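Chain residues, written in single-letter form:
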Amino acid sequence: MDPISKDLNRWISILLTVWRRRRKYKNGPSDRLLPNELKEVAAGVKILSSGLTGKRELVGKGYMDDPALLGAYLLFYWPVSYAQARYVLGYLPSRPRSVLDLGSGPAPMSFASLDHGASEVVAADRSEPALRLAAELAGEAGEPLAVRGWDPLRGEKIPDGSFDLAIMGHLLNELWVGDSDEAGKICDLIERVSGSLRKGGAVTIIEPALLLTSRRLLGIRDILVKRGFPVLSPCLFKEDCPALKKEGNTCHTDRSWEPPRTAGWADIQDSFRDA
Ligand SMILES: C[S@@+](CC[C@H](N)C(=O)[O-])C[C@H]1O[C@@H](n2cnc3c(N)ncnc32)[C@H](O)[C@@H]1O
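In this text the structure is predicted, and so the values were computed from the model without any measurement.

Student: Could you clarify how one ought to interpret the overall build of the chain in this entry?
Tutor: Helix and strand counts for the chain come out as eight helices and five strands. Starting at the N terminus, the α and β elements of the chain follow one another as α-α-α-β-α-β-α-β-β-α-β-α-α. In terms of overall dimensions, the chain is globule-like: its C-alpha atoms have a radius of gyration of 18 Å, near the 19 Å expected for 275 residues. For the chain, the spread of C-alpha atoms along the three principal axes comes to 55 × 40 × 40 Å. Partitioning the contacts of the chain with sequence separation of at least 6, the portion at a separation of at least 24 is 68%.

Written out as structure tokens, the structure is:
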């Protein structure tokens, strides 16, 4: 088993323990959901899945503040985000020691950074319930994690600190949605974020691989390149991204992975297939 899947399996047991404790359920198996639990989580995942894709009605809304949806996020999307972050962190030229995780939710990217070798991580989000859950996971796992409330739409400043890496996981597509200068405002935010980095620091951005969000991200990339940001990965091209020249084109990375088969993750997908 690859090391990322191995670490993920350890996390699955922690996610299940914390989720059951919050739900006041008896302790169950540490590697999978029981049938009634699976049903509950799958119902939440269904709402999240249709709300974050298609018409994207939940995007930018407070879905993380709803305990059922937060629980579903924890047991379904958290492992995916964790694995994405672990793979992407592997592209950095060096291992970041201090990390700022913006739009952290229950902090899969923070814990991926810690497992990748970071020793100081600050998770920031506007959702207090998500941050409380992140802190509870940290306590359960014995990991050092600081949490901070932060909402750039309210003009709140970037959390204090001096970081080697700022990571933003699936956050940007939720900011300034519908604003006529959405991309410009996001690039201004990224510039401010990069101001809180140490010399040689990097910003890592991971967005959903939907056509809409990936094309928006390419547009943001083009503005940042014009503003003088070097791109480290996945593409070093310094001109406008050619994918944007033709409608319907995009560019994103495919990575094969072994989802935690025994953990309920695949069972949730199967439960959709069976429905
Ligand atoms: C799809 S979740 C991503 C969570 C985590 N980073 C991950 O990759 O799994 C998007 C996160 O962005 C946060 N978010 C959305 N709008 C925000 C805002 N205006 N300020 C701070 N956080 C925001 C949400 O609360 C949520 O936790």
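That was the structure; now back to the text.
Student: It is not clear to me how the sheet that holds strand β3 (residues 146–149) should be interpreted in this structure. Could you clarify?
Tutor: Two modes of strand pairing occur in sheets, parallel and antiparallel, and in both the strands are linked by backbone hydrogen bonds. Read across the open sheet, the five strands follow the order β3-β2-β1-β4-β5; overall the sheet is parallel. Either end of the sheet is taken by a strand with one partner, and the two such strands are β3 and β5 (197–206). Adjacent strand axes in the sheet meet at a mean angle of 20 degrees when their direction is disregarded. Pairing geometry for strand β1 (residues 98–102) and strand β4 (residues 163–169), over four bridges, is parallel. Along β4, the bridge assignment pairs D101 with I167. Most of the contacts of helix α6 (residues 182–194) go to β5, to which it runs at about 145 degrees, and overall it touches β1, β4 and β5.

Student: Looking at this model, I keep getting lost on the pairing of β3. Mind explaining?
Tutor: Residues in a regular strand project their side chains so that they alternate between the two faces of the sheet. When strand β2 (residues 120–125) meets β3, the two strands line up parallel, connected through four bridges. Each residue of the ladder has a partner; that of A124, found in β3, is R148. Where the polypeptide runs from β2 across helix α5 (residues 128–141) and back to β3, its parallel neighbour, the crossover connection is right-handed.

Student: Please explain the environment of P208 as it appears in this structure.
Tutor: Structurally, P208 can be placed in the loop between β5 and α7 (211–226). With 18 C-beta atoms counted inside 10 Å, the residue P208 sits in the partly exposed group. Each C-alpha atom of the pair P208 and L244 lies 17 Å from the other, and the pair is 36 residues apart in sequence.

Student: When you look at unusual backbone geometry in this model, what are you seeing that I'm missing?
Tutor: With an omega dihedral of 5 degrees, the bond running from S233 to P234 counts as a cis peptide bond. Residue position: P234 is located in the loop between α7 and α8 (265–274). Positive phi values are uncommon outside glycine, yet K24 reaches one of about 60 degrees. Structurally, K24 can be placed in the loop between α1 (3–23) and α2 (35–52). Residue classification places K24 among the exposed positions, given that 6 C-beta atoms sit within 10 Å. You will see that H170, though not glycine, has its phi angle at about 55 degrees, which is positive. Turning to its location among the elements, H170 is positioned in the loop between β4 and α6.

Student: Help me out: how do you make sense of the nonpolar core in this one?
Tutor: The tendency in soluble globular proteins is for nonpolar side chains to be buried side by side. Residues L15, Y73, L74, Y82, A123, A134 and A166 are the most contacted members of the largest nonpolar core, which totals 66 residues. For this core, the leading source of residues is helix α3 (residues 67–89), giving 13 residues. Dropping the residues within four chain positions of it, A123 is found in contact with D101, S104, A107, S110, L131, A134, L145 and V147.

Student: Even after reading the chapter, I still don't get the site of the ligand, so can you show me in this structure?
Tutor: Surrounding the ligand, one finds 22 residues, the nearest of these being S81, G103, G105, R126 and G169. Looking at the shell around the ligand residue by residue, the class counts come to 10 nonpolar, eight polar and four charged.

Student: What am I meant to see in the packing of α1 against α5 here?
Tutor: Two quantities define a packed helix pair, namely the angle between the helix axes and the distance between the axes. α5 packs onto α1 with a crossing angle of 120 degrees between their chain directions and a minimal axis gap of 10 Å. The orientation of α1 relative to α5 falls into the category oblique. Considering the relative orientation of α1 and α5, their crossing is right-handed. Contact residues: α1 offers I14, T17 and V18, while α5 offers E136, L137, E140 and A141. Of the residues in the contact of α1 with α5, the class split is four nonpolar, one polar and two charged.

Student: Sorry, what's going on with the pairing of β4 here?
Tutor: Within β4, seven of the seven residues are buried, which leaves the element mostly enclosed by the surrounding structure. By the bridge criterion, six bridges tie β4 to β5 in an arrangement that is parallel. Residue pairing in the sheet places F163 in a bridge with L197 of β5. The β-α-β motif built from β4, the intervening α6 and the parallel element β5 has right-handed crossover chirality.

What counts and how
- Residues numbered from 1 in each chain as written.
- Predicted model: local features only at pLDDT ≥ 70, side-chain atom pairs only at ≥ 80, totals over all residues.
- Helix = DSSP H or I, 4+ residues; strand = E, 2+ residues; numbered from the N terminus.
- Rg over C-alpha atoms; globule rule 2.2 N^0.38 Å.
- Contact = placed C-beta atoms within 7 Å.
- Pairing = 2+ DSSP bridges.
- Axes fitted to C-alpha atoms, helices over the stretch in contact; angles between N-to-C directions.
- Right-handed = clockwise from strand over helix to strand, strands pointing away.
- Buried ≥ 20, exposed ≤ 12 C-beta atoms within 10 Å, placed from the backbone.
- Core = buried A, V, L, I, M, F, W, Y, C linked by C-beta atoms within 7 Å.
- Near = placed C-beta within 6 Å.
- Nonpolar A, V, L, I, M, F, W, Y, C, P; charged D, E, K, R; others polar.
- Parallel < 35°, antiparallel > 145°, perpendicular 65-115°, else oblique.
- Left-handed = near helix turned anticlockwise from the far one by under 90°.

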